[in-house]
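Now for the letters of each chain:
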Amino acid sequence: MNLFERYFTGRKEPQLDTDMIWPEGDESSIKLFTRRFKKHKLAVAGLGVIIILTLCAIFAPLIAPYDPTTVTESFGAAPSMDHLMGTDQVGRDQLSRLIYSARVSLSVGVGSILIAVAIGTILGLISGYFGGWIDSLIMRITDMFMAFPYIMLILVVASIVGPGLMNMIIILGVLGWPGIARLVRGNVLTLKEAEYVKASVVLGYSTPRILFHHILPNTVAPILIYATSGIAGAILDEAALSFLGLGVQPPTPSWGNMLASAQSLTVLTSQPWLWIPPGVMIILSVLSINFVGDALRDALDPKNTK
Amino acid sequence: MFNYVIRRIFIAIPVLIGVTIINFIIMSMAPGSPVDMLISPQIPAEALAAKRIELGLDAPAYVQYLSWFKHLLQGDLGYSMITYEPVLNMILSRMGPTLLLMGVSLIIGVAIAVPLGILSARKQYSKLDYAAVTGSFLGISVPNFFLGLGLIYVFSIWLKILPSSGMTTLGSEGGFGDILLHLIMPVIVLTANVAGRNIRYVRSSMLEILEQDYLRTARAKGLKETLVINRHAVRNALIPIITVLGMEIPILFGGAVVIEQIFSWPGIGQLTMSSIMSRDYSTIMGLNLTAAVIVIVANLLTDITYALVDPRIKYSK
């Protein structure tokens, strides 16, 4: 490092060598991604938790000791050898219900985000690429939807449309797009000025081809990061709605509606096995997804040089 | 600056009108027509039938919307379908407790998030930094109703030191101290959310500022480190936080719905839940609209504050 370099570099950090920015050989982008992701220990653990939860959700009938809606002989029973996590007030096996609930939470999380991403991406692409009055129109509509407090709007719509798993997915999806639309629009505005997009315009490619083959692939990373935290948010929203009695309805088990039983004082005080495990499951899954989202943000960041 | 404010208000107006249209459309999906909701339900059926024709319920939707909108402009949100009270009065009487709850939580949440975020950024990768970031993740990942139940379990049932419901003790005068005791647990829950969301915002904003050249200049001038941080770094790091605070308002409204339900806090959120449970659509719609208007006004104020604070923003265009 010569004097000139030393003079102009940061106070504490030495200048990164080019070898560090472009690691030896040409490390493939997947390898680079994995290496950066693995640095986040909590995210790796989180990914493990998500995989286990997904497996539980898929193979629920094989793992669960009982049917989640079948009433067994004992009700409100404390954990025992027969029922590892006890039974609820109606006499359904708590462990089986916890396992089956993973299905509800994951399908609401992923399903609603898929809908939100589809709507948001298309509107964002159109808004950003065409600009002008189309852009103003779409952005003002986005503002309108964002003005309503999210939970309140969902509650209102759910009270009119009615509760249930499918309705939950649709409501959360259809109302969840504004954030994604803004994000995509912002990215498109920057990409539109990129040389390669201008080149494709000059080459006379059709607009859909430019939008979907040239611009969209370059906004996938931010969408993915946003969607990850969106899944966590949707799981929390579903839990809150089910807790309030407007989401997934019993007998279908969901962590949220299992917690609703704790609104009764007897359950809260003397049957903690009924409300603590579902709460812990929500925290565990949401925390894991958020950790993974954070690691994705780091690993997919183009400014990241480590 | 004046022009900027005027322009910003003019952008807000179509959004406000749009919000009323969305609200009207959702209302039309609910049983009972929106114009029905304006009529006091005490009126006998024959008079109602005559009123229907008079009000033009057979008219096309946009005419109905316009008539509803006209009432709205006069501050008429219609009558509750259950209690027959004017919706506006019901909302106004519940607004105070909710604003108290939201205001205190927002202030404490920010008072925790800002110093912690700044410290976390200055000591990046230290133990404190890891603790703050992990705490922030917990704050956004723990469902607020679960935290609320946990607090009730610990402080009301187990330790018996805090009241679990209401804003004042039943039958008492409900002085300042009493309200304060009732406020503690709901505020803890909402504060955990606010602080959780904002610690990482402040931290990353501060990290970005710490790399700026003007900080190096300030140090090169021989300024003390505390001065460099407090004068030059923190001030600039907090500018983007203003926008984030504006976004807290709608989230806090949502949080209030759940929290007020758990702690029986007599505010907007509890009114929302009870109207939903009793299918009181006129009240639900009035609440939804009021909340949206408050959010739009809050956003407007945020944008104006941002422009006032950040000299880089050009007011005229």
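Here the structure is a predicted model, which is why all the values come from computation and not from measurement.

1. Brief notes about the overall build of chain B
If you tally the helices and strands in chain B, you get 11 helices and 0 strands. Written out in order from the N terminus, the α and β elements of chain B read α-α-α-α-α-α-α-α-α-α-α. Put simply, chain B has 317 residues, and 47% of those count as buried. Within chain B, residue pairs in contact and separated by at least 24 positions form 72% of the contacts whose partners lie at least 6 positions apart. As presented, chain B carries roughly 15,600 Å² of accessible surface, and 66% of it is formed by carbon and sulfur atoms.

2. Observations regarding the UniProt feature "transmembrane region" (unreviewed entry) in chain A
Residues and elements named next belong to chain A. If you check UniProt for "transmembrane region" (unreviewed entry), the listed places come out as residues 42-64, 106-130, 150-177 and 273-293 in our numbering. Span residues 42-64 is 91% helix and 0% strand, its end C-alpha atoms 28 Å apart. Between the end C-alpha atoms of residues 106-130 there is a gap of 36 Å, over a span that is 100% helix and 0% strand.

3. Description of the interface of chain B and chain A
With 49 residues of chain B at the interface, the matching set in chain A holds 45 residues. In total, about 4,000 Å² of surface goes out of reach between chain B and chain A, with carbon and sulfur atoms giving 81% of it. The interface formed by chain B and chain A includes 1 salt bridge. Linking chain B with chain A are 1 residue pair in polar contact (both at pLDDT 80 or more). Secondary-structure elements contributing two or more residues to the side of chain B that touches chain A are α1 (2-29), α5 (127-141), α6 (144-158), α8 (213-220), α9 (225-263), α10 (268-277) and α11 (281-309) of chain B. Taken together, the residues of the side of chain B that touches chain A sort by class into 37 nonpolar, 8 polar and 4 charged.

4. Examining helix α4 (residues 87-122) of chain B
With 36 residues, α4 of chain B ought to run about 52 Å at 1.5 Å a step, and its terminal C-alpha atoms sit 50 Å apart, in line with that. The sharpest bend along α4 of chain B reaches about 35° and sits at Met95 of chain B, with the proline Pro97 of chain B one to four residues further on.

5. Regarding the packing of helix α6 (residues 94-130) of chain A against helix α7 (residues 132-147) of chain A
Residue and element names in this part refer to chain A. Relative to each other, α6 and α7 sit at 140°, their axes nearing to 7 Å. In terms of axis orientation, α6 runs oblique to α7. When the axes of α6 and α7 are compared, the crossing they make is left-handed. Contacts between α6 and α7 involve Leu123, Ile126, Ser127 and Phe130 on the former and, on the latter, Gly132, Ile134, Asp135, Ile138 and Met139. Counted by class, the contact of α6 with α7 contains 6 nonpolar, 2 polar and 1 charged residues.

6. Describing the environment of Tyr125 of chain B
Considering the arrangement of structural elements, one finds Tyr125 of chain B in the loop between α4 and α5. A distance of 3.4 Å separates polar atoms of two side chains, one belonging to Tyr125 of chain B and the other to Gln124 of chain B.

7. Considerations on the UniProt feature "transmembrane region" (unreviewed entry) in chain B
All names here are of chain B. Here, UniProt's "transmembrane region" (unreviewed entry) annotation points to residues 9-30, 99-119, 131-159, 179-196, 237-263 and 283-309. In the segment residues 9-30, helix accounts for 95% and strand for 0%; the C-alpha atoms at its two ends are 32 Å apart. Secondary structure content for residues 99-119 is 100% helix and 0% strand, while the C-alpha to C-alpha distance between its ends is 30 Å.

8. Points about the side chain of Ser156 of chain B
Residue and element names in this part refer to chain B. Assignment of secondary structure puts Ser156 in helix α6. A polar contact of 2.8 Å, which involves the side chain of Ser156, links it to the backbone oxygen of Leu162. Ignoring any residue separated from it by four or fewer positions in sequence, one finds Ser156 in contact with Leu151, Leu162, Pro163, Ser164 and Met185.

9. Examining the domain arrangement of chain B
Residues and elements named next belong to chain B. When its domains are assigned, chain B resolves into domain 1 (16-73) and domain 2 (97-309). The interface is formed by 11 residues belonging to domain 1 together with 8 residues belonging to domain 2. In total, about 830 Å² of surface goes out of reach between domain 1 and domain 2, with carbon and sulfur atoms giving 85% of it. Where domain 1 meets domain 2, there are 0 salt bridges. Between the two partners, domain 1 and domain 2, sit 2 residue pairs in polar contact (both at pLDDT 80 or more).

10. As for the packing of aromatic side chains
By the definition in use, this model includes 7 aromatic pairs over all chains. When the centroid spacing of 5.4 Å and the interplanar angle of 90° are considered together, the rings of Tyr129 of chain A and Phe130 of chain A count as edge-to-face. Residue classification places Tyr129 of chain A among the buried positions, given a relative accessible area of 16%. With centroids separated by 5.9 Å and ring planes inclined at 65°, the aromatic side chains of Trp275 of chain A and Phe146 of chain B adopt a geometry described as edge-to-face. With Trp275 of chain A in helix α16 (residues 272-299) and Phe146 of chain B in helix α6, this pair bridges two chains. On the basis of relative accessible area, Trp275 of chain A is assigned to the buried category, the value being 2%.

11. Some details on the environment of Ser278 of chain B
Residue and element names in this part refer to chain B. Relative to the helices and strands, Ser278 is located in the loop between α10 and α11. Taking the C-alpha atoms as reference points, Ser278 and Met81, 197 residues apart in sequence, are found 9.2 Å from one another. Within the structure, the side chain of Ser278 is placed 2.9 Å from the backbone oxygen of Ser274, a separation counted as a polar contact.

12. Focus on a nonpolar patch on the surface
Taken together, the side chains of Val161 of chain A together with Phe2, Ile6, Ile9, Phe10, Ile13, Ile17, Ile21, Ile25 and Met29 of chain B present a nonpolar region at the surface, about 910 Å² in accessible area. In terms of residues, the nonpolar patch owes the most to one element, α1 of chain B, which gives 9 residues. Inspection of the secondary structure puts Phe10 of chain B in helix α1. For Phe10 of chain B, a relative accessible area of 56% puts it in the exposed group.

Scoring rules and cut-offs
Residues numbered from 1 in each chain as written. Chains lettered and ligands numbered in written order. Predicted model: local features only at pLDDT ≥ 70, side-chain atom pairs only at ≥ 80, totals over all residues. Heavy atoms only, no water. Helix = DSSP H or I, 4+ residues; strand = E, 2+ residues; numbered from the N terminus. Buried < 20%, exposed > 50% of the residue type's maximum accessible area, 1.4 Å probe, protein only. Contact = heavy atoms within 4.5 Å. Areas by Shrake-Rupley, 256 points an atom, 1.4 Å probe, with all protein chains shown as cover. UniProt positions renumbered as here; feature names shortened; annotations may be inferred. Buried area = accessible area lost by both parts, 1.4 Å probe. Salt bridge = Lys/Arg side-chain N within 4 Å of Asp/Glu carboxyl O. Polar contact = N/O pair within 3.5 Å; in protein donor to acceptor, adjacent residues only side chain to side chain. Nonpolar A, V, L, I, M, F, W, Y, C, P; charged D, E, K, R; others polar. Expected span 1.5 Å × (residues − 1). Bend = angle between axes of the 7 residues up to and from the residue. Axes fitted to C-alpha atoms, helices over the stretch in contact; angles between N-to-C directions. Parallel < 35°, antiparallel > 145°, perpendicular 65-115°, else oblique. Left-handed = near helix turned anticlockwise from the far one by under 90°. Domains from an automatic or database assignment. Phe/Tyr/Trp six-rings, centres within 6.5 Å; stacked < 30°, edge-to-face > 60°. Patch = residues over 30% accessible without salt bridge, like charges linked within 9 Å, V, L, I, M, F, W, Y side chains within 5 Å.

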